[in-house]
Each structure stands twice: as C-alpha cells, then as structure tokens.
Amino acid sequence: MKIFHSINDFHSTKKTILTLGTFDGVHAGHRKILERLTQNVENGKYESLVLTFFPHPRMVLQEQSGIKLLNTIPEKIDLLEKIGIENLVIHPFDESFSRLTAQEFIKNILLDKLHIQKIIIGHDHRFGRNRTANIDDLITFGKEYDFEVEQISVQEVNDVSISSTKIRNALMEGNMALANEYLGYEYFLTGTVYKGKQLGRTIGFPTANIQIEENYKLIPRNGVYVVKSTINQKTVFGMMNIGFNPTVAGEHLFIEVHYFDFISDLYDQEIRVSILEYLRPEQKFDSVDLLKEQLEKDKNTALTYINKL
C-alpha cells in the first residue's frame, strides 16, 4: 500500500475509485465500504484510494470534546493494508481545510488532485463547509463533473448501525464482547515494553509494562482483562491490568500484562495486546498478600475463559 501524508503528495497514472472518512476503528461497518472499494478496481483499470484525515476533525473543530481514537495512525495503516487498499492519503486536517465549500472540495481536491472516476460512500456521509452537503448533493456533482457515486445503505452496513462512538462507549463500559463484535476483530493496544518497579515478580506475577506513545489512543476502562499477544510467532495468553495500582500507592496510569506460561525478556520491544474479556474493576486491597490471592483467582477465571475458546 502506498501512503501519502498530504493530498498534494498523491500521484497516480490511473483514475481512482475513492472512499473517504475518518475510519476510526476500521470497524465492520467501515469494511463493508472498503471491501466494495477494492472490488471496483476492474482488474487494475483503476486504483483504490482511501482519503482520511489526521488530526480527527473533532480534535480541531471541537477541541473541548476530548475525543480519544480507537486506532493510532500506524494501527489504522496496518488494518487498511490487510483489506487490500492500494493508496492511502492521510491529509492534515485544519480549520482552513474545513472551510472548503462542497464544490471546492469536489472540484479542487477529488477531481483535480485525486483524479476520481468513482466515489463509494456511506449512507449518512456529509461534507463541505459546516458539513452541509449530503449524498444527494454528491450525486448532483457527479452528474455535473462526470464521476460515479455509489451509496452503501445502512442495511448493507449492518442491521444495527455500527458507529465508532458506540464502540468507544462499549470499551469505556468494559463490554468487550460488544466492542469486538462491532469492530470485527479484537480491540488492541500497541506499545513498547519498559522496565517498571518489578513488584509483580516478587509475588509470582511478573508483568510487561506497556507504554503507549500516542496520547489520543482510547484506553478501555480501568480493570483486569483477559488478553493475548503474538510473540515470536506464537500466540500467548495472559491477563492485563489497567489502572493506578492503588494497593501499592500508584500515582500514574499503568498498563501491565502478565503472560501465562511465558518467560522472555520483552524490554524495549513493541507488542500488540488484543483484549478478549473484562474480568473485574480495579480494587485496592489491604495487603499485598490479599492482592496476590485475588490475582490467583483472576488467573483461574482467565484460564477458564481461554479454555472455552
């Protein structure tokens, strides 16, 4: 997949079949559109192109929203590449771009710079200054400028309309089953393992401490989870704690993973942690012994869950 970090950088000798949006999560509803995109290239006559934006428009236009995203940019790139997208443009979104009228966006961007032959779009897509233009306007522009418009209906996307907002809400409630169903894959965190205080190993639960660089990445609600990772081409299961370690007077948010039946030095390695199930909220225990006792219970609960997979 070719990646361009600005509309101005894009180049192709072929006409493009395009879809556009933030695609936060690249969830099951998004993939209906993206897979339709890859099916429309007509054996190489056209090239598939996804136009997305960063920062997320709400980060720019609604700064107080505090929105957290389901994917970091590298994670989104990985998910889109697996679908088979040929070209990805990640355009910097700012206030001046948001002020483009619908006609300016169609003529100056989609036609003159991205060379679209066809646009495939969701049923509820809006565009242009103040998001005033809709699918009917897009069809009208298509007739005026000679490009095709294909609309994906809500029924085609899902019987229940999937949205990134619904997935965010499910994650903040610890409802991993619903979040993962909507995503079409297990929600994951990507980060680098760093050396912590190593308290876990003193009670028989050594952990990999995960540092996530991107502060816009959504971290699910605090608590204990069943997780898995692929390490050295092997699937390894474990349990993860997200929280402040109140039993030992922690002051910062920690993401710690204890892998089962696995011993290896992971320091400074980047790992991906897929989250399978929420077990319980974070708790403060009166002693480290009581914490260890609860961790043993958590491990048994997690193993019971894993054995049913």
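Residues numbered from 1 in each chain as written. Predicted model: local features only at pLDDT ≥ 70, side-chain atom pairs only at ≥ 80, totals over all residues. Heavy atoms only, no water.

Further remarks concern the pattern of salt bridges. Scanning the entire structure with this criterion turns up 11 salt bridges. Across the pair Glu75 and Lys217 runs a salt bridge whose closest N-O atoms are separated by 2.8 Å. Highlighted residues: Glu75 in helix α3 (residues 73-83) and Lys217 in the loop between β8 (208-211) and β9 (223-231), separated in sequence by 142 residues. By relative accessible area, Lys217 is classed as buried at 3%. (Salt bridge = Lys/Arg side-chain N within 4 Å of Asp/Glu carboxyl O. Helix = DSSP H or I, 4+ residues; strand = E, 2+ residues; numbered from the N terminus. Buried < 20%, exposed > 50% of the residue type's maximum accessible area, 1.4 Å probe, protein only.)

Here the focus is the environment of Asn241. Structurally, Asn241 is set in strand β10 (residues 234-243). Under the relative-accessibility criterion, Asn241 is labelled buried at 16%. Sequence-wise, Asn241 and Tyr225 are 16 residues apart; in three dimensions their C-alpha atoms are separated by 6.5 Å. Asn241 has contacts with Gly223, Val224, Phe254, Ile255, Glu256 and Glu282, leaving out every residue within four places of it along the chain. (Contact = heavy atoms within 4.5 Å.)

Moving on, we come to the pairing of strand β7 (residues 188-194). Among the seven residues in β7, five count as buried, and that is most of the element. Looking at chain direction, β7 and strand β12 (residues 270-280) are connected through five bridges and run antiparallel. Within β12, the position partnered with Thr192 by the bridge is Glu270. Direction of pairing for β7 relative to β8: antiparallel, over a ladder of three bridges. Within β8, the residue paired with Val193 across the bridge is Ile210. (Pairing = 2+ DSSP bridges.)

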